Amino acid sequence: MVSTLSTLSKEITHKFYLNGEWKESQSGQTLDIESPYLHEVIGKVQAITKEEVDQAVNFAHEAQKGWAETSLQERAKYLYKWADELVNMQNEIAEIIMKEVGKSLKDARNEVVRTADFIRYTVEEALHMNGESMKGDSFPGGSKSKVAIVERVPLGVILAIPPFNYPVNLAAAKLAPALISGNAVIFKPATQGAISGIKMIEALHKAGLPKGLINIVTGRGSVIGDYLVEHKGINMISFTGGTNTGAHLAKKVGMIPLVLELGGKDPGIVCEDADLHEAAKHIISGAFSYSGQRCTAIKRVLVHEKVANELVEILKGEVNKLSVGSPEEGCTVVPLIDNKSADFIQVLIADALGKGATVVTGNKREDNLIYPTLLDDVNDTMRVAWEEPFGPVLPIIRVSSDREAIDITNESEFGLQASIFTKDINKAFSIANKIEVGSVQINGRTERGPDHFPFIGVKGSGMGAQGIRKSIESMTREKVTVLNLI
Ligand code: G3H
């Protein structure tokens, strides 16, 4: 595919950000960033050294002390300015997101604007978090002369590791709560997504954020990955990405707080009484937007056998209407982030077909572009029933009861979200209460937003909670000061 846009000059070498300055690494080495649809190198980022990681952590600690003393109103001003700068730079950043991770320009622009909204809401939330006071005599035998003041204090230096699929939004979703609550941040962008992350930090630099509070570390995972997560100067880690990496990270990290948002196998449960057209609309958008490269994508349909044929027909019609091709043409189904991801999906499809699944539509590939694929007659012996494809393939599993749908949902190693489609609200709540996931969507697609809702993964889908208030809480701790009145 050939690009028609040109803001991003070819093969710019991007510097990393250390103590308020843009620098080249002493390593003299860079990493190539190849566009998933242009199939050419669109830029290079620094492959920094362990010594530079140490410097970043030291600068962050130094800066954090003063930042924690800075008034909330003062911190808020920098973050509001950051949001404004992002809006000003939305076209430039959106084009980079598109080229770097292959997301349509419209979605990329939405991501930038959503991020500015996220930052502003984070500030507002922090401004209204007042802590509490407790009286001693509310406990038996306690004294009226004791009063506890419970407030939240920053943890110190936060390591923020976002994924490739929202290189700006999911990065800022860690940076903004960390900064507003008085922390400094070591920002390790996904390598594919690093240029977008760097651009986002340019906006923060323009906003005049004091030096040292944000330091970007880009580089080879084999050199700085484990070194970073085991670094004694890191006080908390917020990671979003694959379950295997998350599990590896959890083993490496010592006694510091950790928030993990990992993979999913979100089901769309379609009950016998569902409005099938409405359900299909949500399932298609849930499963195929950005080629299914979302942790919250609908990754399997559990449909009651009595309505399965009708639903499959409707889904087939909708899948065939999806636009497939270049993100520059605004297509919904775009080339996957790399060839390895496309290979994995093909393995899942082949495994299912070998065990008796049928192709309703799709199963076509051009390089790393997988056409939207609907598989019917999927059963529990097939890998695609359980594994996360992170791509545009949707398996249909026919069930004979709501109970069976609940059991299949709960057998999963994942527990991110689930959608339930039914006209019976009592049934919806009854199913929702029995399924082991962080969030249940009734008559809607699985999704993280609106961003102030708590966002929780259980089992293999994560640990801890995000969502604006939850993220602020996770990056602060409670501190109690007791006043003993004389
Ligand atoms: O990929 C994981 C994201 O947190 C999903 O966010 O539901 O807004 O697409 P989304």
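Structure: see above.
As a starting point, this report considers the structure included with it. Note that this is a predicted model, so its numbers are computed, not measured.

**Details of the site of the ligand**
For step 1, the next point in the chain: By nearness alone, every residue bordering the ligand is listed as Arg-114, Asn-165, Tyr-166, Leu-170, Glu-261, Arg-294, Cys-295, Thr-296, Glu-447, Arg-448 and Phe-455.
For step 2, the next point in the chain: Within the side chain of Asn-165, an N or O atom sits 2.8 Å from an oxygen atom of the ligand.
For step 3, the next point in the chain: A distance of 3.4 Å is found between an oxygen atom of the ligand and a side-chain nitrogen or oxygen belonging to Glu-261.
For step 4, the next point in the chain: Within the complex, 97% of the 300 Å² of free accessible area of the ligand lies under protein.
For step 5, the next point in the chain: Class assignment for the residues of the shell around the ligand results in 4 nonpolar, 2 polar and 5 charged.

**Section: the packing of helix 2 (residues 72-88) against helix 4 (residues 105-127)**
The description of two helices packed together rests on the angle between their axes and the distance between the axes.
For step 1, the next point in the chain: Relative orientation of the contacting elements helix 2 and helix 4 amounts to 170°, with a least axis distance of 8 Å. Considering their axes alone, helix 2 and helix 4 lie roughly antiparallel with respect to each other. Contacts from Leu-72, Gln-73, Ala-76, Leu-79, Tyr-80, Trp-82, Ala-83, Asp-84, Leu-86 and Val-87 in helix 2 reach Val-112, Thr-115, Ala-116, Ile-119, Arg-120, Val-123, Glu-124, Ala-126 and Leu-127 in helix 4.
For step 2, the next point in the chain: Within the contact of helix 2 with helix 4, the residues separate by chemical class into 14 nonpolar, 2 polar and 3 charged.

**Examining the pattern of salt bridges**
For step 1, the next point in the chain: Counted according to the given criterion, the structure contains 33 salt bridges.
For step 2, the next point in the chain: Asp-226 is the partner of Lys-252 in a salt bridge, and the nearest nitrogen-oxygen pair spans 3.9 Å. One end of the pair, Lys-252, is in helix 8 (residues 243-252); the other, Asp-226, is in helix 7 (residues 221-229), with 26 residues separating them in the sequence.
For step 3, the next point in the chain: Taking the relative accessible area as the measure of exposure, Lys-252 reaches 33% and is therefore partly exposed.
For step 4, the next point in the chain: A relative accessible area of 31% places Asp-226 in the partly exposed class.
For step 5, the next point in the chain: Note that Arg-365 is salt-bridged to Asp-343, the shortest N-O span being 2.8 Å.

**Here's the deal with helix 9 (residues 276-288)**
For step 1, the next point in the chain: The end-to-end C-alpha distance of helix 9 is 18 Å, a good match for the 18 Å that 13 residues give at a rise of 1.5 Å each.
For step 2, the next point in the chain: Here the buried face of helix 9 lies against strand 13 (266-270), strand 14 (298-304), helix 10 (305-321), strand 18 (373-376), strand 19 (393-399) and strand 21 (417-421).
For step 3, the next point in the chain: A side-chain oxygen of the first residue of helix 9 lies 3.2 Å from the backbone nitrogen of His-277; this N-cap is Asp-275.
For step 4, the next point in the chain: Directly beyond the C-terminal end of helix 9, a positive phi value near 45° is found at Tyr-290.

**Notes on the packing of aromatic side chains**
For step 1, the next point in the chain: On inspection of all chains with the given rule, the structure shows 3 aromatic pairs.
For step 2, the next point in the chain: Between Tyr-17 and Trp-22 the ring centres are 4.5 Å apart and the planes differ by 40°, which places this aromatic pair in the tilted class.
For step 3, the next point in the chain: Taking the relative accessible area as the measure of exposure, Tyr-17 reaches 5% and is therefore buried.
For step 4, the next point in the chain: You can call Trp-22 partly exposed: its relative accessible area is 27%.
For step 5, the next point in the chain: For the pair Trp-67 and Tyr-78, a centre-to-centre distance of 5.8 Å together with 50° between the ring planes defines the contact as tilted. Here the residue Trp-67 occupies a position in helix 1 (residues 50-69), and Tyr-78 occupies one in helix 2, the gap between them amounting to 11 residues.

Calculation notes
Residues numbered from 1 in each chain as written. Predicted model: local features only at pLDDT ≥ 70, side-chain atom pairs only at ≥ 80, totals over all residues. Heavy atoms only, no water. Near = heavy atom within 4 Å. Polar contact = N/O pair within 3.5 Å; in protein donor to acceptor, adjacent residues only side chain to side chain. Areas by Shrake-Rupley, 256 points an atom, 1.4 Å probe, with all protein chains shown as cover. Nonpolar A, V, L, I, M, F, W, Y, C, P; charged D, E, K, R; others polar. Axes fitted to C-alpha atoms, helices over the stretch in contact; angles between N-to-C directions. Helix = DSSP H or I, 4+ residues; strand = E, 2+ residues; numbered from the N terminus. Parallel < 35°, antiparallel > 145°, perpendicular 65-115°, else oblique. Contact = heavy atoms within 4.5 Å. Salt bridge = Lys/Arg side-chain N within 4 Å of Asp/Glu carboxyl O. Buried < 20%, exposed > 50% of the residue type's maximum accessible area, 1.4 Å probe, protein only. Expected span 1.5 Å × (residues − 1). Phe/Tyr/Trp six-rings, centres within 6.5 Å; stacked < 30°, edge-to-face > 60°.

So, to be careful, I would describe these as geometric facts and stop short of saying anything about function.
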